[in-house]
Amino acid sequence: MNPTIQAAKNMVSIQVDEKVFPRDVVVAAAYIFIDRCYIRLERALRGRVLARIKGKKKLSRNQLVNLADEFENELLHQLIRRQVAERTDGLREVIVGRALFSAEPESGAEAAQAEPQEDMDYLDDPLGIAIPWEEKYGDDKKEEEGQ
Amino acid sequence: MKKPIPEVHNQRLMPFRWRELDGRVLLTGDAGDYAWLERETFGDFLAGTLSKEHPAYADLERHNLIRGPHIEKKVMDRVGARSHHLFSGPNLHILILTLRCNQACVYCHASRKPKTSKGFDMDLETAARVLDVIFESPSPDLTIEFQGGEPALNFDVLRFIVEEGYRRNQGGERNLYFSLVSNLSTLNQEQIDFLVDNGVMVCTSIDGPADLHDRNRRFSKKSSYKEAIKKIRAFERTYKRRGLDKELAYVNALATVSRSALKKPREVVDAYVRMGHKVIHLRPLNPFGMGLKIWAREGYTAQEFVDFYLEALDYIIELNKQGEEIMEKLASLMLVRILTDEDSNYMDLRSPCGAGLGQLAYNYDGRVYTCDEGRMVGAMGDDLFCIGDVHQNGYADIIRHPGVRSMCVASCVECLPGCNECAYAPYCGVCPVYNYIMEGDLVARSPVNDRCRIQKGILDHLFRRLAEPGMEDLLRRWTESKDRSSVYRRIVP
Ligand code: SF4
Ligand code: SF4
């Protein structure tokens, strides 16, 4: 990513490869910084996004380097957040849906009376307990017999 | 150099998460089962080469980490039982009766107002509207908790809510409980009688021995410690006069760990033993609603708290071995998640957390928040966690506020980065309000999140200790809490 520090402009510029970090990830990461920085995102050459991050307060060179490091960590966090969100989409819908439904003024009352063991939409295996490990985690290698 | 963990070639694995601890591997299952493996054995387990004759194999089978007949169904049923909170609406309703307080604690949050201030008490009209909303909640259990400021400074409204609450629940459709979180100092005997006769649970703060408590909780020229102890004794006498079982009827206390307590873990525990208390709840300071200046003066790092906590915990375990009956509450809540399938519905250790769906907090002026911590953020001028106002909204509006859904999504441990693969996910909970205050985002960056560090530090230690011979029996006793509901009922018509 090779950040460029422009101390005189109180700014650091980072080019991000969209193949590694999709654009919505870059936008989400940039957004986290808007309380302390002014951010400008531009299209750069060859599938890259250029993020120009300018401190609202005067920053030293070291602080600008730290800012670039923080931005890179934030990209990683936002990427993982999206990956986990996609992977657990169905599970989240079940849990959130179940919890919200139970809190509803009337329908919730019925759900609250039911024993969880008898009211099992949550237990239609949203955690994927019944799915074999390799199927669940996409390991395409053949398993060995034996255990 | 350590051998890398091999790839998975074993179709008989149940879903599990794992963590390396002290050179061994801890495996945990979705229903909270756990087992330890040596690193080598773990490799064999993953590779599908662990022999059935190996002692670890039977252990893994016993802990539902290897597929077998009926195991999947059994685990699914237990996951359901552990998630009972998903099947009830908000049961904890926190009412801020006033922002006024007669004490000035060093770590107090920004919303506190001096005792003589005007315009910061809940009035009767607001209280009645709050009750309307509470009784619209579908939860069969309703706990109304009075907080502040010092809630006892607005005792007339407290009295109204208790009496009116019982009146509205005359048919006994709900399991209705009341609790008061108070420094106790303003309560007179008539008020104590009212609280005891109406089954109001009482909780106070004792931060440790007198010097530490008085330093933290400033009370003009008086000793806040002596005042609290005097009133605890008055409650004990009153419980006794009413013939209530002293094992069940007592004043709960919790210790907020301030910076000055960090070097005194044993002294804090000893203070509770001297008081004759059987439960101590060691609570880290939290940054909600606390000005940055106060945090800089009173706050500390996660590691400092963990060091304090572990020394206190080990000391409490030592006392248990010597026959003293005392347990630490946070550890006991985690142990319930580890050793049983009960859902204690503790708001901060469930997934999703209690915000909105397990609890609602009502400010003195009628504004409603996802939880009291969200209300404290509101006191700092940021109403992100405000989800309604009892003067304008009914229960349905409040519960359907988009903020409730956001908090729910942001606290599903199973679906969060870092947490979803963490071995402690079946026992843990996250706090979106904390994350928002510390990181400006409802979702934590768990590797740098101090709350996560504290949970991990405590859970690491609990698992280490549980692995010691005989320790599980001792710690299991901490999960067997007595049902106190019988004494927290109205005992006058
Ligand atoms: S908060 Fe931390 S300890 Fe708890 S589940 Fe998440 S990553 Fe694990
Ligand atoms: S947001 Fe935090 S304080 Fe509020 S209920 Fe959830 S865990 Fe508890």
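Rules used in this analysis
Residues numbered from 1 in each chain as written. Chains lettered and ligands numbered in written order. Predicted model: local features only at pLDDT ≥ 70, side-chain atom pairs only at ≥ 80, totals over all residues. Heavy atoms only, no water. Helix = DSSP H or I, 4+ residues; strand = E, 2+ residues; numbered from the N terminus. Buried < 20%, exposed > 50% of the residue type's maximum accessible area, 1.4 Å probe, protein only. Contact = heavy atoms within 4.5 Å. Areas by Shrake-Rupley, 256 points an atom, 1.4 Å probe, with all protein chains shown as cover. Salt bridge = Lys/Arg side-chain N within 4 Å of Asp/Glu carboxyl O. Core = buried A, V, L, I, M, F, W, Y, C linked by side-chain atoms within 4.5 Å. pLDDT = per-residue confidence, 0-100. 1 Å grid on protein atoms, 1.4 Å probe; cavity = no way out; pocket = protein on both sides within 12 Å on 5 of 7 lines; lining within 4 Å. Points joined across faces, edges and corners; volume = space filled by probe spheres on them. Nonpolar A, V, L, I, M, F, W, Y, C, P; charged D, E, K, R; others polar. Pairing = 2+ DSSP bridges. Near = heavy atom within 4 Å. Domains from an automatic or database assignment. Buried area = accessible area lost by both parts, 1.4 Å probe. Sits in = over half its atoms within 2 Å of the grid points. Axes fitted to C-alpha atoms, helices over the stretch in contact; angles between N-to-C directions. Expected span 1.5 Å × (residues − 1). Polar contact = N/O pair within 3.5 Å; in protein donor to acceptor, adjacent residues only side chain to side chain. Phe/Tyr/Trp six-rings, centres within 6.5 Å; stacked < 30°, edge-to-face > 60°. Lys NZ or Arg CZ within 6 Å of the ring centre and 35° of its normal.

### Considerations on the overall build of chain A
Per the secondary structure count, chain A includes five helices and four strands. Secondary structure elements in chain A, listed N-terminal to C-terminal, are β-β-α-β-β-α-α-α-α. In chain A, which comprises 147 residues, the share counted as buried stands at 41%. For chain A, restricting intrachain contacts to residue pairs at least 6 apart in sequence, the fraction spanning at least 24 positions comes to 57%. With an accessible surface of roughly 8600 Å², chain A has 50% of that area assigned to carbon and sulfur atoms.

### Focus: the pattern of salt bridges
What the rule picks out here adds up to 50 salt bridges over all chains. Of the charged contacts, one joins Glu42(A) and Arg40(A) as a salt bridge, the two residues approaching to 3.2 Å between their closest N and O atoms.

### A word on the nonpolar core
Within the largest apolar cluster, 152 residues are counted, with the highest numbers of intra-cluster contacts made by Leu95(B), Phe146(B), Ile161(B), Phe235(B), Tyr309(B), Phe463(B) and Trp478(B). For this core, the element with the highest residue contribution is helix α11 (residues 302-321) of chain B, accounting for twelve residues. Those residues in contact with Ile161(B) that lie beyond four places of it in its chain are Leu95(B), Leu97(B), Met122(B), Ala127(B), Leu131(B), Ile144(B), Phe146(B) and Phe178(B). Core analysis: the next-biggest nonpolar cluster, separate from the first, contains 21 residues, Val16(A), Ala29(A), Ala30(A) and Leu75(A) among them.

### As for the confidence of the model for chain A
Confidence in the prediction of chain A, expressed as mean pLDDT, is 80, and 72% of residues score 70 or more. Per-residue pLDDT stays below 50 along residues 139-147 of chain A; that stretch engages in 22 contacts with residues further than four places along the chain or on separate chains.

### Some remarks on the layout of surface pockets
By volume, the second largest pocket amounts to about 1100 Å³. Together, 47 residues line the second largest pocket, and His77(A), Glu439(B), Ala444(B), Arg445(B) and Val448(B) are the ones closest to its centre. Looking at the lining of the second largest pocket, the elements that each hand over two or more residues are α1 (23-31) and α2 (61-87) of chain A together with α16 (432-439) and α17 (450-466) of chain B. Looking at the lining of the second largest pocket residue by residue, the class counts come to 26 nonpolar, ten polar and eleven charged.

### Brief notes about the sheet that holds strand β14 (residues 327-328) of chain B
All names here are of chain B. Here ten strands make up an open sheet; going across it, the order is β14-β13-β12-β10-β9-β8-β4-β15-β16-β17 and the pairing mixed. Edge positions in the sheet fall to β14 and β17 (386-389), since each has one partner strand and no second. Bridge count between strand β12 (residues 252-257) and strand β13 (residues 279-284): four bridges; the pairing is parallel. Each residue of the ladder has a partner; that of Val257, found in β13, is Pro284.

### Examining the site of ligand 2
In the vicinity of ligand 2, the contacting residues are Asp348(B), Cys353(B), Gly354(B), Ala355(B), Gln359(B), Cys371(B), Glu373(B), Met407(B), Val430(B), Cys431(B), Pro432(B) and Val433(B). When the residues that make up the shell around ligand 2 are grouped by side-chain class, the tally is eight nonpolar, two polar and two charged.

### Focus: the pairing of strand β15 (residues 359-362) of chain B
Residue and element names in this part refer to chain B. Alternating positions in β15 separate into two faces, Gln359 and Ala361 on one and Leu360 and Tyr362 on the other, with burial throughout. In terms of strand pairing, strand β4 (residues 92-96) meets β15 through four bridges, oriented parallel. The residue of β15 that forms the bridge with Leu92 is Gln359. Bridge count between β15 and strand β16 (residues 367-369): two bridges; the pairing is antiparallel. Paired with Tyr362 across the bridge in β16 is Val368. Linking two consecutive strands that pair antiparallel, namely β15 and β16, is a turn of four residues; a positive phi of about 100° is found at Gly366 within it.

### Quick look at the domain arrangement of chain B
Residue and element names in this part refer to chain B. As assigned here, chain B comprises domain 1 (16-82) and domain 2 (92-493). If you average the C-alpha positions of domain 1 and of domain 2, the two centres end up 35 Å apart. If you look at the interface, domain 1 gives 18 residues, while domain 2 gives 22 residues. When domain 1 packs against domain 2, close to 1600 Å² is buried across both sides, 47% of that on carbon and sulfur atoms. On inspection of domain 1 and its partner domain 2, the count reaches four salt bridges.

### With respect to the site of ligand 1
All names here are of chain B. With respect to spatial proximity, the complete set of residues near ligand 1 consists of Cys419, Cys422, Ala425, Cys428, Val430, Cys452 and Lys456. When atom positions are compared with the pocket grids, ligand 1 is found to occupy the second largest pocket. Across the shell around ligand 1, the residue classes break down as six nonpolar, no polar and one charged.

### Digging into the sheet that holds strand β3 (residues 34-38) of chain B
Residue and element names in this part refer to chain B. Strand order in the open sheet formed by three strands is β1-β2-β3, with antiparallel pairing between adjacent strands. Each end of this open sheet is capped by a strand with a single partner; those strands are β1 (16-21) and β3. Neighbour to neighbour, the strand axes of the sheet diverge by 25° on average, direction disregarded. Note: β1 against strand β2 (residues 24-29), six bridges, orientation antiparallel.

### Focus on helix α8 (residues 224-241) of chain B
For an α-helix, 3.6 residues make a turn, and residues three or four places apart therefore share a direction. All names here are of chain B. Spanning 18 residues, α8 covers 26 Å between terminal C-alpha atoms, matching the ideal 26 Å at 1.5 Å per step. Of the residues making up α8, those classed as buried are Ser224, Tyr225, Glu227, Ala228, Ile229, Lys231, Ile232, Ala234, Phe235, Thr238 and Tyr239. Just past α8, the residue Gly243 takes up positive phi, approximately 75°.

### Here we look at the environment of Asp22(B)
All names here are of chain B. Following the sequence through the fold, Asp22 ends up in the loop between β1 and β2. Spatially, the C-alpha atom of Asp22 lies 9.7 Å from that of Asp460, the residues being 438 residues apart in sequence. Polar contacts involving the side chain of Asp22 include one to the side chain of Arg464, which spans 2.6 Å.

### Some thoughts on the pairing of strand β2 (residues 11-17) of chain A
Residue and element names in this part refer to chain A. For β2, a buried count of five out of seven residues is recorded, marking the element as mostly surrounded by other parts of the structure. The hairpin turn running from strand β1 (residues 4-6) into β2, its antiparallel successor, is four residues long, and Asn10 in that turn takes a positive phi close to 60°. The sheet contact formed by β2 and strand β4 (residues 48-55) spans seven bridges and is antiparallel. Looking at the pairing, Met11 lines up with Lys54 of β4.

### With respect to helix α3 (residues 71-82) of chain B
Residues and elements named next belong to chain B. Relative to the 16 Å expected for twelve residues at 1.5 Å per residue, α3 spans 16 Å between its end C-alpha atoms, a close match to the ideal helical length. The set of residues buried in α3 consists of Ile71, Val75, Met76, Arg78, Val79, Gly80 and Arg82. Elements that come into contact with the buried residues of α3 comprise α12 (329-339).

### What to know about the packing of aromatic side chains
Residue and element names in this part refer to chain B. A complete count under the given rule lists 16 aromatic pairs over all chains for this structure. When the centroid spacing of 5.5 Å and the interplanar angle of 10° are considered together, the rings of Tyr424 and Phe463 count as stacked. Taken together, the positions of Tyr424 in the loop between α15 (402-410) and α16 and Phe463 in helix α17 put the pair 39 residues apart, joining distant regions of the chain. Comparing Tyr424 with Phe463, the two get one shared label, buried. Between Tyr427 and Phe463 the ring centres are 5.5 Å apart and the planes differ by 50°, which places this aromatic pair in the tilted class. Residue Tyr427 is found in the loop between α15 and α16, and its partner Phe463 is found in helix α17; the two are separated by 36 residues along the sequence. Pair check on accessibility: Tyr427 and Phe463 agree, each one buried. Ring pairing ties together the aromatic residues Phe16, Trp18, Phe42 and Phe45, which thus form one cluster. The residue whose ring lies beneath Lys113 is Phe120, and the NZ or CZ to ring-centre distance is 5.1 Å. Positioned above the aromatic ring of Phe194 is the side chain of Arg159, whose terminal nitrogen or guanidinium carbon lies 4.9 Å from the ring centre.

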